[in-house]
2 protein chains.
Amino acid sequence: MVNPQLDELRLYTKELVTDSVEILKEYLSFPTISAQGTAIPETVEYVVKMVHDAGGEAQVLDNLGGNPVVYASFEAGEKGDDTKTLLFYNHYDVQPPDPLDEWNSEPFSPVIKDGVLFARGVADNKGDLVARLTAIKVLQKAGGGLPCNIKFLIEGEEEIGSPSLAPYLREYKELFKADACIWEFGGKDAEERINMVAGIKGMAYLELSCKGADIDMHSSVGAYVDNAAWRLVQALATMKNQENEILVEGFYEGIIPPTEEEKQAVQALPFDEEAVSKLYGLKRPLITAVKGQDPREAMVFHPTMTICGLVSGYTGDGTKTVLPKNAKAKIDCRLVPGQDPDHILECIKKHLQKHGFHDIEATLVNGQKAYRSNYKHPFVKHVIDTANEVYPAGTVLAPNSAGTGPMFEFGAQLQLPIVSTGVGWIQSKAHAPNESIRLEDFEQGIVHMAYMLSGFASALKETHESIEA
Amino acid sequence: MVNPQLDELRLYTKELVTDSVEILKEYLSFPTISAQGTAIPETVEYVVKMVHDAGGEAQVLDNLGGNPVVYASFEAGEKGDDTKTLLFYNHYDVQPPDPLDEWNSEPFSPVIKDGVLFARGVADNKGDLVARLTAIKVLQKAGGGLPCNIKFLIEGEEEIGSPSLAPYLREYKELFKADACIWEFGGKDAEERINMVAGIKGMAYLELSCKGADIDMHSSVGAYVDNAAWRLVQALATMKNQENEILVEGFYEGIIPPTEEEKQAVQALPFDEEAVSKLYGLKRPLITAVKGQDPREAMVFHPTMTICGLVSGYTGDGTKTVLPKNAKAKIDCRLVPGQDPDHILECIKKHLQKHGFHDIEATLVNGQKAYRSNYKHPFVKHVIDTANEVYPAGTVLAPNSAGTGPMFEFGAQLQLPIVSTGVGWIQSKAHAPNESIRLEDFEQGIVHMAYMLSGFASALKETHESIEA
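Residues numbered from 1 in each chain as written. Chains lettered and ligands numbered in written order. Predicted model: local features only at pLDDT ≥ 70, side-chain atom pairs only at ≥ 80, totals over all residues.

1. Quick word on the interface of chain A and chain B
- At the interface, 78 residues of chain A touch 78 residues of chain B.
- Residue contributions to the side of chain A that touches chain B peak at 8 residues, all from strand S13 (residues 306-313) of chain A.
- Counted by class, the side of chain A that touches chain B contains 36 nonpolar, 27 polar and 15 charged residues. (Contact = placed C-beta atoms within 7 Å. Helix = DSSP H or I, 4+ residues; strand = E, 2+ residues; numbered from the N terminus. Nonpolar A, V, L, I, M, F, W, Y, C, P; charged D, E, K, R; others polar.)

Written out as structure tokens, the structure is:
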């Protein structure tokens, strides 16, 4: 179907995209690792510059502690509708790049190979911010100014669980007021369909720590000295069995069961077990906590308990005959609506006590509740409809993602529908070595955002239906 | 009791000890970490220099691979007995110094504080070599030449399990032929008694490795992707229970039960549970694999299974939401006479298979059998008797130590009685940060070795009783 407006946006995007890739590459060269607190001020400065270059106003909010939150705003043009506002949520921080020896290039020296751009943070989430700012430039180039008001909230602590976001959202509630929100990320699946979500899982990221002694000891004392590593191993083994069932009493309490509609939506999601297995090079078949459960249902509706890290004693090459003074585990529980991170912590603490592990301390490093928008909202429909026109292979929408973000706070404070979409692909490897996006997806993402924005105000006017939390 | 000979040796030791401490400090400044292969040639060169400076001949054996073995020899003087030979076993390599942040000084920059010399390797085992070479200088100063032939075997792979020692011992059996052997280490207990051993535990140092995938993954896939860290934790938990009993079938097979004599010897060993607990800052009471077992019996007669290291996924600061591609454990089993490291490996492999852990690989990094000398041999008696004269608080002798060394190979190849004694103290912290010896113990150790050597030949002539393996 011929669509002159879309063709025009495509043309302007093509004119701008080469420069945008250069801007993105420079943005990616900042090692903005929030877990290590590196390169924060430089990155914030560069984000502000990018906002200015796209014709917007920027404000750096830093009075409430944590890494600064950048607020950006672009006003509707003369022909636009200044009664409607779209909010973009992005983050400028990235995951640590290790294991470094598995990167084929330097994580903070972006390289393009066969149309694929490699760098830490390119898929999660620096590529999306640059695509969105470029979409604004495209709309300005099309003439008549912007079709609606546009705002951005760009934070710097997403990869460490957004600990400062809630206070900023509460304090600057009026500033961030909007009618709908496009969330940080998204991308294409193995069949090139764009995958979007209207919600997100929560998280309880815990540290379990066992201290056995003040000093590391010669391992020969293992004949009579208890071992912190064995204690932690034994404790962990009581929390999840070999079939991956979580055995912590109360862990599954309060979970809001999915509606029939949500279940059907999940059944429509694509999932290719073989492709997933090949992608990661898995050595064992997929496994869900509930035996025989559909992996798609597990992904959307079932909470997890994942060991993200384990460390004790000597971990270098060769041998060291040491009895370690302590042992630590990092545990990531992905939560579903109805679960509360603080309650999860309490359950785990009680479990450890009940099983005699009084010497193991559990702390909640990062807690976030899950969130699901009403994915039948007209805004959601508008995002899907425009995506279907831009992306030849079509779209897929899940009630919530398997991943996490601070969406619950947005929903609670701003009361607006949220959809997440972005410029990733099946090989994006977020959080892993050789993170990447394809330049063609980057370009399509710009077109989609420009096109979605151009019809945003009129799509919203069709109804005033409010979202459900 | 007045002993003019001993007084003379004490006097000469006092004259030489200041220089010897300087030599030791220089020797300690080489970071001879065999696990990392650092500073090997420089250290060997320095060892050879020390042997020459003490009037001996040195030969660097390196034709059989591995780090070189230094053979040193000193001939009996005119008044000495050249039919009797004492062999010293030492090693010039040291343990890795980490965790570095727990050292109060640089591990390879020796410092003396309140009469205590701190450096990696000072107690295990560089201090002993320098003390022994100084004892030779003391005897030469006393006139009349050396009282017997003296040999040294100084290897460079003890801290990684002496993988090349057996071939060198076999090849150079004639070179190392001797009538008795003084082993590498020893030291004083909390009550200032010198603790010696006439045997040693063996070792099976294993690596357990689980590979779950080719790449680290975003932890959200934990809903359906199996986790190498959980697999390893579950596997380990089947190998040892919360009461520290080893559950691997066949592990305890073939153990030679201690004799009544050996049991009595162990009952005579000092052991202060409270002092041990305070020394290490233990957070839990002592625990033995056999409920209620005397810790001394566990230490000497019972095998162990110690986790020395655990590592998987993200171990840095803060959070990283990763599902690790693999997980590894380093396991140190201390063995007793009758156990075979290869058999232990087979038992663990079978155990893993039996429990469904086909994805966990077990490899033996270092295997050594245990060894016990006949601790009633006249040489042993001579070492004790001379020690009782030198050390005011007296001596303690155990049938075997809780620690390990390649003593089995010495016994098998050279057929000689072995006693281990040295210049350590209760706070020596071998294998741990802030390793140390006291200068007064170093000085006493020199005196003891000189005095022991001076009466060695005549003590041996009293009998020709051979050792039992």
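Moving on from the model shown.
2. With respect to the packing of helix H1 (residues 4-28) of chain A against helix H12 (residues 439-454) of chain A
Residue and element names in this part refer to chain A.
- Two numbers describe how H1 lies on H12: the axes approach to 9 Å, and their chain directions differ by 130°. Taken as axis vectors, H1 and H12 run oblique relative to one another. The interaxial crossing formed by H1 with H12 has right-handed handedness. Residue-level inspection shows Gln5, Leu6, Leu9, Arg10, Thr13, Val17 and Val21 of H1 in contact with H12, the latter providing Leu439, Glu443, Ile446, Val447, Ala450, Tyr451 and Ser454.
- Classifying every residue of the contact of H1 with H12 gives 9 nonpolar, 3 polar and 2 charged. (Axes fitted to C-alpha atoms, helices over the stretch in contact; angles between N-to-C directions. Parallel < 35°, antiparallel > 145°, perpendicular 65-115°, else oblique. Left-handed = near helix turned anticlockwise from the far one by under 90°.)

3. Some remarks on the relation of the copies chain A and chain B
- Between chain A and chain B, which share one sequence, the superposing operator has a rotation angle of 180° and an axial displacement of 0.0 Å; the RMSD is 0.0 Å. In the structure described here, the two chain copies are related by an operation that fits a two-fold rotation axis. Residues of chain A ranked by C-alpha distance from the rotation axis are headed by A:Val311, positioned 2.3 Å from it.
- In this assembly the copies share their binding face: 100% of the residues contributing to the interface of chain A also contribute to that of chain B. (Least-squares fit on C-alpha atoms with pLDDT ≥ 70 in both.)

4. Considerations on the nonpolar core
- Grouped together as the largest cluster of nonpolar side chains are 286 residues, with contacts concentrated most on A:Leu232 and B:Leu232.
- Considering each element in turn, this core owes the most residues, 11 residues, to helix H12 (residues 439-461) of chain B.
- Not counting residues up to four positions away in its chain, the partners in contact with A:Leu232 are A:Leu208, A:Cys210, A:Ser312, A:Ala327, A:Ala329 and A:Ile360. (Core = buried A, V, L, I, M, F, W, Y, C linked by C-beta atoms within 7 Å. Buried ≥ 20, exposed ≤ 12 C-beta atoms within 10 Å, placed from the backbone.)

5. Section: the environment of A:Leu100
All names here are of chain A.
- Mapped onto the elements, Leu100 comes out in the loop between strand S3 (76-91) and strand S4 (111-113).
- Residue classification places Leu100 among the exposed positions, given that 10 C-beta atoms sit within 10 Å.
- Measuring from C-alpha to C-alpha, the distance between Leu100 and Ala327 comes to 24 Å, with 227 residues separating the pair along the chain.

6. With respect to the confidence of the model for chain A
Residues and elements named next belong to chain A.
- On average, residues of chain A carry a pLDDT of 93, and 98% of them reach 70 or more.
- Predicted confidence is poor over residues 464-469, with pLDDT under 50, and the contacts of this stretch with residues over four places away or in other chains come to 11 contacts.
- ipTM for the predicted complex: 0.79, alongside a pTM of 0.79. (pLDDT = per-residue confidence, 0-100.)

7. Topic: the domain arrangement of chain A
Residue and element names in this part refer to chain A.
- Annotation of chain A at the domain level lists domain 1 (4-199 + 370-461) and domain 2 (202-255 + 303-368).
- On a C-alpha basis, the centres of domain 1 and domain 2 stand 35 Å from each other.
- Contacts between domain 1 and domain 2 engage 9 residues on the former and 10 residues on the latter.
- For the side of domain 1 that touches domain 2, the per-class residue count stands at 6 nonpolar, 2 polar and 1 charged. (Domains from an automatic or database assignment.)

8. Topic: the sheet that holds strand S20 (residues 436-438) of chain A
Residues and elements named next belong to chain A.
- Read from one edge of the open sheet, 3 strands run S4-S5-S20, paired in antiparallel fashion. Looking at the sheet topology across the chains shown, the edges are occupied by S4 and S20. With strand direction ignored, the average angle separating the axes of adjacent strands in the sheet is 25°.
- Taken strand by strand, helix H3 (residues 122-141) contacts strand S5 (116-118) and S20, and its axis lies near 45° from that of S20.
- Against the sheet, H12 makes contact with S5 and S20, and its axis sits at roughly 70° relative to S20, the strand it touches most. (Pairing = 2+ DSSP bridges.)

9. Quick notes on the sheet that holds strand S13 (residues 306-313) of chain B
- Strand order across the open sheet formed by 8 strands is S16(A)-S11(A)-S15(A)-S13(A)-S13(B)-S15(B)-S11(B)-S16(B), with antiparallel pairing between neighbours. Each having just a single partner strand, strand S16 (360-368) of chain A together with strand S16 (360-368) of chain B make up the two edges of the open sheet. Going across the sheet, the axis of each strand differs from the next one's by a mean of 15°, ignoring polarity.
- Along the sheet face, helix H5 (residues 228-239) of chain A touches strand S11 (202-211), S13, strand S15 (326-335) and S16 of chain A together with S13 of chain B and points at about 20° away from the line of S15(A).
- Together, strand S11 (202-211), strand S15 (326-335) and S16 of chain B form the strand contacts of helix H9 (residues 341-354) of chain B, whose direction differs from that of S16(B) by roughly 165°.

10. Regarding unusual backbone geometry
- For the bond from A:Asp98 to A:Pro99, the omega torsion is 5°, close enough to zero to count as cis.
- Note on placement: A:Pro99 falls in the loop between S3 and S4.
- With a phi close to 50°, B:Asp114 is a non-glycine residue in the positive phi region.
- Position of B:Asp114 among the secondary structure elements: in the loop between strand S4 (111-113) and strand S5 (116-118).
- On the neighbour-count criterion, B:Asp114 (6 C-beta atoms within 10 Å) is exposed.
- For B:Asn434, which is not glycine, the phi dihedral falls at a positive 60°.
- Positionally, B:Asn434 belongs in the loop between strand S19 (418-420) and strand S20 (436-438).
- With 17 C-beta atoms packed within 10 Å, B:Asn434 lands in the partly exposed category.

11. Details of helix H2 (residues 40-53) of chain B
Residues and elements named next belong to chain B.
- In this model H2 runs 20 Å from its N-terminal to its C-terminal C-alpha over 14 residues, within 8% of the 20 Å that 1.5 Å per residue would give.
- For H2, every residue scored as buried is listed here: Thr43, Val44, Val47, Met50 and Val51. For H2, the angular spread of buried residues about the axis comes to 120°, placing them on one side. Structural note: H2 exposes Pro41, His52 and Asp53 on the side pointing more than 90 degrees away from its buried face.
- Taken together, the buried residues of H2 touch helix H1 (4-28), strand S1 (57-61), strand S2 (69-74), helix H3 (122-141) and strand S6 (146-155).
- Of the residues trailing H2, Gly55 is marked for its positive phi of about 90°. (Expected span 1.5 Å × (residues − 1). Arc of directions from axis to C-beta.)

12. Re the environment of B:Arg231
Residue and element names in this part refer to chain B.
- With respect to the helices and strands, the residue Arg231 is situated in helix H5 (residues 228-239).
- When the C-alpha atoms of Arg231 and Val69 are compared, they prove to be 41 Å apart, with 162 residues separating the residues in sequence.
- In this view, Arg231 contacts Cys210, Gly212, Asp226, Phe357, Asp359 and Ile360; residues no more than four positions away in its chain are not counted.

13. Quick notes on the packing of H1(B) against H3(B)
Residues and elements named next belong to chain B.
- Running from N to C, H1 and H3 cross one another at 140°; their axes reach a closest spacing of 9 Å. It follows from the interaxial angle that H1 and H3 lie oblique. H3 is crossed by H1, and the crossing has right-handed handedness. On H3, the residues that touch Leu9, Tyr12, Thr13, Leu16, Ser20, Ile23, Leu24, Tyr27 and Leu28 of H1 are Val122, Lys126, Gly127, Val130, Thr134, Lys137, Val138 and Lys141.

14. With respect to the pairing of strand S2 (residues 69-74) of chain A
Residue and element names in this part refer to chain A.
- The element S2 is largely enclosed, with a buried count of 5 among its 6 residues.
- In the sheet, strand S1 (residues 57-61) pairs with S2 via 5 bridges, with the strands oriented antiparallel. Bridge assignment links Ala58 to a residue of S2, and that residue is Ala72.
- As judged from the 5 bridges shared by S2 and strand S6 (residues 146-155), these two strands associate in the antiparallel manner. By the bridge assignment, Tyr71 is partnered in S6 with Leu153.

15. As for H9(B)
Residue and element names in this part refer to chain B.
- The terminal C-alpha atoms of H9 lie 20 Å apart, and with 14 residues this matches the ideal 20 Å at 1.5 Å per residue to within 8%.
- Inspection of H9 places Pro341, Ile344, Cys347, Ile348, His351 and Leu352 among the buried residues, and these make up the whole buried set. For H9, the arc enclosing every buried residue in end-on projection is 135°, short of the 170-degree limit, so these residues lie on one face. H9 presents Asp342, Gln353 and Lys354 as exposed residues on the side facing more than 90 degrees away from its buried surface.
- As for H9, its buried residues are in contact with S11, H5, S15 and S16.

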